[in-house]
Structures are given as structure tokens and as C-alpha cells.
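So the chains spell out like this:
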Amino acid sequence: MLTHRDTNFCVPVGFTAGHPLPLGLSSGPDGGDSWNFAFFSRNSKSLVLCLYDDSTTDRPALELDLDPYVNRTGDVWHASVDKTWGFVRYGYRCKESTNSEDDEAESIVLDQYARVIENTISPKFLGSIYKNSSFDWGRDVSPNIPLEKLIVYRLNVKGFTQHKSSKLPTNVAGTFSGVAEKVNHLKALGSNAVLLEPIFSFSEQQGPYFPFHFFSPTDMYGQESAVNSLKEMVKRLHSEGIEVLLEVVFTHTAVSGALQGIDDSSYYYKGRASDYLNCNYPVVQQLILESLRYWVTEFHVDGFCFINASSLLRGVHADCWDPHDMKMPKEVKFPHWKRWAELNTRYCRDVRNFVSGRSLLSDLATRVCGSGDIFTDGRGPAFSFNYLSRNSGLSLVDVFSFSGPELASELSWNCGEEGETNKSAVLQTRLKQIRNLLFIQYFSVGIPVLNMGDECGVSTKGSPLLESRKPFDWNMLASGFGAQITQFISFMTSVRARRSDVFQRSKFLKPESIVWYANDQTTPNWEDTASRFLALRIKAESEEETTEPKNNDLFIGFNASDHLEKVILPSLPEGRSKWRRLVDTALPFPGFFSVEGETVVTEDELIVYEMKPYSCTLFETTA
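Remember, predicted model here, so these are calculated numbers, not experimental data.

Caption draft 1: Spotlight on the overall build of the chain. A tally of helices and strands in the chain yields 13 helices and 28 strands. Carbon and sulfur atoms provide 51% of the accessible area of the chain, an area that totals close to 27,300 Å².

Caption draft 2: Molecular detail of the pairing of strand 24 (residues 565-568). Residues Glu565 and Val567 line the buried face of strand 24, whereas the alternating positions Lys566 and Ile568 sit on a face that is not buried. In the sheet, strand 24 pairs with strand 27 (residues 608-611) via four bridges, with the strands oriented antiparallel. In the sheet register, Lys566 faces strand 27, and the bridge partner there is Glu610.

Caption draft 3: Fine view of the pattern of salt bridges. One pass over the structure, following the stated rule, counts 24 salt bridges. Put simply, Arg379 and Asp377 hold a salt bridge, and the shortest N to O gap is 3.0 Å. Among the ionic pairs, Arg581 bridges to Glu598, the shortest N-O distance being 2.8 Å. Placement of Arg581 in strand 25 (residues 578-584) and of Glu598 in strand 26 (residues 593-602) is noted, with a sequence separation of 17 residues between them. A relative accessible area of 44% means that Glu598 is categorised as partly exposed. Taken together, the shared-partner salt bridges connect Arg346, Arg349, Asp350, Arg367 and Asp373 into one network.

Caption draft 4: Representation of the confidence of the model for the chain. On average, residues of the chain score 89 in pLDDT, and 89% of them reach the 70 mark or higher. Across residues 97-106, where pLDDT falls below 50, the model places 10 contacts with residues more than four positions away in sequence or in other chains. Confidence over residues 320-329 falls short of pLDDT 50; this stretch has 19 contacts with residues more than four positions distant or in other chains.

Caption draft 5: Layout of the nonpolar core. Counting residues in hydrophobic clusters, the biggest one holds 144 residues, and the most contacted among them are Phe37, Met233, Phe439, Ile440 and Phe558. Here Met233 is in contact with Phe176, Val179, Ala180, Leu196 and Val244, once residues within four sequence places are set aside. Of all hydrophobic cores here, the second largest spans 12 residues; its members include Ala193, Tyr387, Ile447 and Val449.

Caption draft 6: Spatial organisation of the sheet that holds strand 20 (residues 447-451). Strand order in the open sheet made by the seven strands is 17-16-13-12-20-19-18, with parallel pairing throughout. Looking at which strands have only one partner, the edges of the open sheet turn out to be strand 17 (303-306) and strand 18 (342-343). In terms of strand pairing, strand 19 (residues 384-387) meets strand 20 through three bridges, oriented parallel. Bridge pairing in strand 20 links Phe385 to Ile447.

Caption draft 7: Inspection of the environment of Asp501 at higher detail. Inspection of the secondary structure puts Asp501 in helix 13 (residues 500-503). Considered as a pair, Asp501 and Ala540 are 39 residues apart in the sequence and their alpha carbons are 7.5 Å apart. Only 3.0 Å separates the side chain of Asp501 from the side chain of Arg499, close enough to count as a polar contact.

Caption draft 8: View of the pairing of strand 13 (residues 193-196). What you see with strand 13 is no split at all: Ala193 and Leu195 on one side and Val194 and Leu196 on the other are buried throughout. Here strand 12 (residues 152-155) runs beside strand 13; their pairing, made up of four bridges, is parallel. Residue pairing across strands places Tyr153 opposite Val194, the latter belonging to strand 13. Strand direction decides the pairing type here: strand 13 and strand 16 (residues 243-248), joined by four bridges, are parallel. Pairing of Leu196 across the sheet is with Leu246, part of strand 16.

Caption draft 9: Representation of the environment of Gly480 in the model. On the secondary structure map, Gly480 appears in helix 12 (residues 480-498). Of the residues examined, Gly480 reaches a relative accessible area of 53% and is grouped as exposed. Each C-alpha atom of the pair Gly480 and Cys456 lies 9.1 Å from the other, and the pair is 24 residues apart in sequence.

Caption draft 10: Examining the packing of aromatic side chains more closely. Counted under the stated rule, the structure contains 40 aromatic pairs. An aromatic cluster of three or more residues is present, and its members are Tyr113, Phe200, Phe214, Phe215, Phe250, Tyr294, Trp295, Phe299, Phe304, Phe306 and Trp340. Residue placement shows Lys182 over the ring face of Trp474; its charged tip is 4.4 Å from the ring centre.

Caption draft 11: Focus on helix 4 (residues 226-239). Along its 14 residues, helix 4 runs 20 Å from first to last C-alpha, staying within 8% of the 20 Å computed at 1.5 Å per residue. Within the sequence span of helix 4, burial applies to Ala226, Val227, Ser229, Leu230, Lys231, Met233, Val234, Leu237 and His238. Packing partners of the buried residues in helix 4 comprise helix 2 (176-181), helix 3 (183-188), strand 13, strand 16 and helix 6 (282-299). Just beyond helix 4, the residue with positive phi is Gly241, at close to 80°.

Caption draft 12: Summary view of the side chain of Glu565. Note that Glu565 resides in strand 24. Comment: no salt bridge for buried Glu565; closest opposite-charge side chain is Arg532, at 9.4 Å. Separated by 2.7 Å, the side chains of Glu565 and Asn519 make a polar contact. For Glu565, the contacting residues outside a window of four places in its chain are Asn519, Phe533, Asn559, Tyr609, Glu610 and Met611.

Caption draft 13: Representation of the side chain of Arg496 within the structure. Tracing the backbone shows Arg496 in helix 12. Glu148 provides the closest opposite charge to the buried, unpaired Arg496, separated from it by 9.5 Å. Discounting residues that sit within four places of it in the chain, Arg496 has contacts with Glu148, Ile151, Gln441, Tyr442, Ser444, Gly446, Pro448, Phe503 and Gln504.

Caption draft 14: Quick peek at the packing of helix 7 (residues 345-355) against helix 11 (residues 424-442). At a closest axis distance of 10 Å, the pairing of helix 7 and helix 11 adopts a crossing angle of 140°. Taken together, the axes of helix 7 and helix 11 lie oblique to each other. Here the hand of the crossing between helix 7 and helix 11 comes out right-handed. Contact residues: Tyr347, Val351, Arg352 and Val355 in helix 7; Gln433, Asn436, Leu437, Ile440 and Gln441 in helix 11.

Caption draft 15: Seen up close, the environment of Leu465. Among the structural elements, Leu465 can be located in the loop between strand 20 and helix 12. The spacing of Leu465 and Ser392 is 73 residues in sequence and 5.6 Å in space, taken between C-alpha atoms.

Caption draft 16: Just unusual backbone geometry, in detail. With an omega dihedral of 0°, the bond running from Leu21 to Pro22 counts as a cis peptide bond. Along the chain, Pro22 falls in the loop between strand 1 (15-16) and strand 2 (24-27). Here Ser371, not a glycine, exhibits a phi torsion of approximately 55°, which is positive. Mapped onto the secondary structure, Ser371 falls in the loop between helix 8 (361-368) and helix 9 (372-375).

Caption draft 17: Structural detail: the packing of helix 7 against helix 8. One can describe the packing of helix 7 onto helix 8 by two numbers: an axis separation of 9 Å at closest approach and a directional angle of 135°. Judged on the interaxial angle alone, helix 8 and helix 7 are oblique. Judged by the sense of rotation from one axis to the other, the crossing of helix 7 with helix 8 is left-handed. Contacts between helix 7 and helix 8 pair Arg346, Tyr347, Arg349, Asp350, Val351 and Phe354 from the former with Leu361, Asp363, Leu364 and Arg367 from the latter. For the contact of helix 7 with helix 8, the residue count by class is five nonpolar, no polar and five charged.

Rules of the game
- Residues numbered from 1 in each chain as written.
- Predicted model: local features only at pLDDT ≥ 70, side-chain atom pairs only at ≥ 80, totals over all residues.
- Heavy atoms only, no water.
- Helix = DSSP H or I, 4+ residues; strand = E, 2+ residues; numbered from the N terminus.
- Areas by Shrake-Rupley, 256 points an atom, 1.4 Å probe, with all protein chains shown as cover.
- Buried < 20%, exposed > 50% of the residue type's maximum accessible area, 1.4 Å probe, protein only.
- Pairing = 2+ DSSP bridges.
- Salt bridge = Lys/Arg side-chain N within 4 Å of Asp/Glu carboxyl O.
- pLDDT = per-residue confidence, 0-100.
- Contact = heavy atoms within 4.5 Å.
- Core = buried A, V, L, I, M, F, W, Y, C linked by side-chain atoms within 4.5 Å.
- Polar contact = N/O pair within 3.5 Å; in protein donor to acceptor, adjacent residues only side chain to side chain.
- Phe/Tyr/Trp six-rings, centres within 6.5 Å; stacked < 30°, edge-to-face > 60°.
- Lys NZ or Arg CZ within 6 Å of the ring centre and 35° of its normal.
- Expected span 1.5 Å × (residues − 1).
- Lys, Arg positive; Asp, Glu negative; His and termini not counted.
- Axes fitted to C-alpha atoms, helices over the stretch in contact; angles between N-to-C directions.
- Parallel < 35°, antiparallel > 145°, perpendicular 65-115°, else oblique.
- Left-handed = near helix turned anticlockwise from the far one by under 90°.
- Nonpolar A, V, L, I, M, F, W, Y, C, P; charged D, E, K, R; others polar.

Structure, rendered in C-alpha cells:
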């Protein structure tokens with residue numbers, strides 16, 4: 001054939017111009033007898049479609065040069081090939097990424113919209129030319145749990161069941177299937193949602209927060225097929241009433257193997273000199289939205305948690321957070337449109353500070369009641385996801401074991417001795433403080449988020465680094481610490497459900513329903529930096545539907561001081577004859593919490609209750 005450039009070329013039978021949409025690989029419109037390839041690259045001067053057969057060679061079996069006049073519409077290159085050709089993988093070579101003939105193999109880039117990817121002999125990935133494998137979702141539906149009723153468990157898929165103590169087969173341990181096998185542990189904790197650390201295909205060198213592809217689960221978390229393994233996990237969790245939420249990273253990518261070499265000036269901030277995505281550039285916005293839509297429709301996930309969400313707002317000329325240097329991000333007010341919830345960093349900061357004796361009473365009061373300083377903007381307390389530890393930073397048990405100068409940002413306190421110790425007094429204080437943190441977390445208005453391993457005392461020996469995290473040791477659940485903390489969390493989730501009128505609310509408590517006390521029933525000295533005791537009475541709101549008789553009041557006390565506090569309990573409301581103590585974190589296990597409760601006040605009595613140092617208490621009225 002003679003072209004407009006007076007050059008000759010051959011066209012293979014079954015190779016046509018194709019269509020610019022949809023991006024990625026799709027069945028052609030002609031009855032599904034062809035594959036359509038569509039690839040965005042504005043600045044490439046030429047593009048080669050590289051097709052691979054099922055041989056073990058790492059070189060393309062066929063390379064098709066796409067003509068910019070025939071195979072390009074706007075900024076999208078496209079082509080169609082007959083399905084009878086039998087190729088199994090594909091990639092692209094852009095002129096921008098080819099430096100020399102010797103560098104030819106390394107210049108082939110992955111289709112950013114490929115739905116299934118495969119690792120090849122060389123250290124790179126290619127798109128898979130596949131026929132849609134059917135998956136039987138059966139009657140799978142999302143549990144669709146109201147936001148205010150969520151109890152979240154945050155986990156790393158590999159670390160959750162990788163340890164030999166999980167007693168799972170080697171091909172199941174550390175995979176999506178492994179998570180599904182441990183569903184009973186999630187239910188025992190009262191969790192009805194899992195928040196998975198990033199599961200997009202990521203750089204093994206940099207870790208899960210540096211993805212190189214946005215449409216495929218990493219093959220490290222699957223058995224034979226990560227795609228089907230993930231679907232089976234979601235289906236199983238849904239059948240048990242547990243939602244699946246994903247942490248996602250769209251602000252930056254791995255330093256290589258991602259979108260580099262496709263169209264750097266379009267995809268990346270400052271082009272190839274950066275691995276930060278131009279999130280406000282139209283083609284990147286489209287990529288993000290298509291990815292989210294795909295994970296919902298193809299994998300039935302229930303929601304997303306955006307890492308560095310504020311960076312999505314920045315334009316191409318703005319500075320952005322550098323995850324390598326770990327610089328603090330500039331605070332940017334994210335537009336929530338009354339739909340976006342937040343992982344509440346202020347909650348973590350203020351509660352840790354109070355328990356360690358370093359914050360104002362007003363800070364704790366604000367957090368316990370739903371962080372009104374953040375969420376009275378048209379949302380409500382259910383939009384506050386309250387966490388006290390996370391995958392990077394100190395684990396819960398380490399927060400009260402290590403507090404060296406290098407850990408100042410962790411707001412930790414070692415309770416009198418750094419690191420491991422045999423001193424009984426120090427160990428008892430640490431145990432009470434861990435109970436106190438969990439008590440405040442589960443008896444605050446908002447959504448509690450428990451980090452994997454905190455229920456059994458997983459420690460990184462004081463290291464806040466993500467790579468220091470250890471796999472979940474299932475044997476630790478049977479330890480004295482693991483048994484009591486797991487039971488305590490289960491108890492608190494049951495109380496939250498029973499008293500959903502107080503703790504699982506979409507709206508803030510009415511001011512007239514809350515009475516704040518100092519230890520002698522006077523008004524707290526809110527701005528006194530030396531004050532370490534706070535209590536509140538929550539009057540049941542009669543218009544709320546509860547499973548308990550109406551007008552059951554609650555009394556909650558927090559003593560962060562190093563000395564005993566004598567607390568006068570409020571007078572009983574009409575129709576109630578006694579207070580019953582449900583929790584006192586200073587008491588020994590198993591008596592420090594009780595479903596039935598222990599009566600401490602009878603009618604017409606005024607009782608002074610002694611709260612020991614570093615303790616929290618919960619009382620409820622009863623008929």
C-alpha cells in the first residue's frame with residue numbers, strides 16, 4: 001500500500017483502525033470478533049503495539065506501528081486486531097521512552113487501563129489479552145450498613161494471615177482467601193467493615209503505598225488468580241455482614257514501571273522529574289474515576305479511603321507533599337459535599353495527649369462528643385473515623401512502652417520505664433492505659449477504627465516505620481493480654497449497639513442532654529492545664545428508639561491523673577432506682593467490665609465512687 005508519505009507498508013489481515021473509546025483493551029463492536037486497543041499519549045510522536053504469544057520469550061511476537069493519520073483520534077491511539085491471532089499479552093512502545101536499540105525491551109510500557117496484568121520474564125508487567133472469566137456472585141449484595149453503625153478493622157492482607165500461627169495452607173496464608181478464612185475473628189471483635197491497606201499492584205521495593213497500576217489487585221495477595229481470590233473474599237465477607245473498604249493512593253506512583261514514559265507531561269507533576277500525579281489534569285481525573293468505578297462494579301467493594309486526599313486538590317503549579325522526605329503536608333480544606341468522611345487525626349492526637357496527661361479537658365470533651373469543631377459543617381459525628389494507632393507509627397502497646405526524643409511526634413508515654421520491663425507497677429499502668437485508650441475510642445460518638453494486631457499486643461519494639469510492622473501472630477490471642485483485650489473490645493461493641501441512641505448517631509447529642517462534671521459535681525475548669533479529671537452524664541433522649549427502656553442515663557468518668565479521685569455520682573432520674581457499673585478499667589480482669597453490671601447506688605443514696613489513678617468508668621441507670 002502507498003501512503004501519503006510515499007512509503008510502502010504491509011497491513012496484516014485482521015488489523016484495522018479500531019476505535020478511541022473505551023480506553024484500554026475491549027471487545028470490538030463488530031460482534032466481539034476482534035480486540036480493540038485504545039491508548040492515551042498526547043506527546044508521543046509514534047506508537048508501537050507489541051503483541052506476545054504464549055512462548056517463554058520476552059520479546060514481542062509481532063509489533064504493529066500505528067499510523068498517526070489512521071490509528072489516532074485526538075490524543076488517543078487505537079487499533080483493532082482479530083481475536084483469532086491468538087496473542088496473550090500486550091504492551092506499547094512510545095517514541096519518548098525509546099533511547100536506543102539496546103534499550104528496546106525496557107522501553108515497552110504497560111497499558112494504564114489494562115484490567116489484568118501479568119509479570120514477564122524481565123522485571124516488567126504487560127497487559128493480558130483475556131476473555132472475561134465468569135464469576136458467580138450468586139446473591140451477593142452490599143451489607144449497606146449505615147455510616148454511624150460502622151465498626152472498622154484496618155488490616156494488611158499479607159500480614160493478617162502470613163504467620164504460620166494462622167494455621168492456613170501455604171497457598172492461602174497471606175492472601176485474600178486468608179482474610180476470608182479469618183472472618184470469625186472479625187465477627188468476634190464486633191467489626192462489620194474491613195479497611196484494607198492498598199491492594200493495587202505496587203512496587204515491591206517501595207511498598208503498597210506506591211502503586212504502579214490502578215485496575216488490578218497485586219498478584220502477591222492471590223492464589224492462582226488474585227482477581228478471583230479477591231472476589232471470593234468480598235463475597236464471603238458480604239455474606240457475613242461485613243463491608244469491604246479500600247485504602248487507595250492516586251496522588252503518586254512507584255518511581256518506575258507505572259505511567260512513566262507514556263506521556264509524562266500530562267500524567268506527572270513536573271513531568272518525569274516527579275512521581276506525583278497531575279490529579280487535576282483531565283486525563284488523570286478520568287483515570288481515577290474509571291478506576292474507582294471498576295473496583296465497585298467488578299469487585300463489589302463498598303467504599304474507599306483516599307490517602308493524601310487533599311493533594312487531589314492541588315493544581316500543576318502547586319507544591320505537594322513529598323512522601324520520601326515525610327514533610328508535613330500543608331493543611332488544605334477538602335470539600336466534603338456532605339459525603340466525605342475523614343480519618344480523624346485530631347482525635348488521635350487529643351486522646352493520646354489526654355491519657356498521657358498533656359491536654360486540656362476541652363480537647364477530650366470535643367473528641368468524645370463527635371469532634372464538632374470539624375463535623376458541624378453539614379455532616380455529623382458519623383463522618384469522624386476515630387483511630388488511635390495506624391500501620392505507620394507506634395502500635396497501641398508501644399504507645400505506652402516507648403517515648404524517646406525521636407518519638408516526640410507519636411505523643412507516647414512509656415509509663416516510667418523505656419521499653420521492655422519486669423516492673424509490676426509499670427506493667428499495670430501500661431495495661432490500664434491501653435484499656436483507657438480503647439475505652440475512649442469505643443465510647444466516643446463516631447466510628448471506631450481498630451488497627452490490626454492492637455487487640456493482641458503486637459509490638460514493633462518502638463519503631464514507627466511501616467516496614468517494621470510484623471505479621472499478625474495468632475498465638476498472641478490466647479495470651480492473657482490478648483484474651484482480655486479481645487473480650488473487652490467485643491463487650492464495648494455490644495454496648496455501642498445496645499446504646500446506639502448515644503454512640504451510633506448521625507446527629508450530635510443535644511447540648512441539654514449532656515452535663516459535664518468535675519469530681520465534686522462542679523463545672524470543670526476547662527482551660528486549666530493541670531486538670532486531669534473529667535466526667536459527663538448523658539441523658540437518654542426520649543425521642544430516640546432504643547432496645548432499652550427509655551431514660552437510661554449514662555455516667556462516664558476519665559481520670560488521667562496519678563492519684564485517686566473521689567467522684568460523686570449524680571442523683572438518679574425519676575423512675576430509676578440504681579446506678580450499675582459496667583466498666584472500671586482499674587479493676588483486674590475479668591471483673592473490670594460486665595454485661596450485667598454491678599450495682600453501686602440504690603435509691604435515695606449518695607455514693608462517692610473512688611476512681612483509681614489512670615482509669616475510666618462507665619455507669620448506667622436501671623429500674
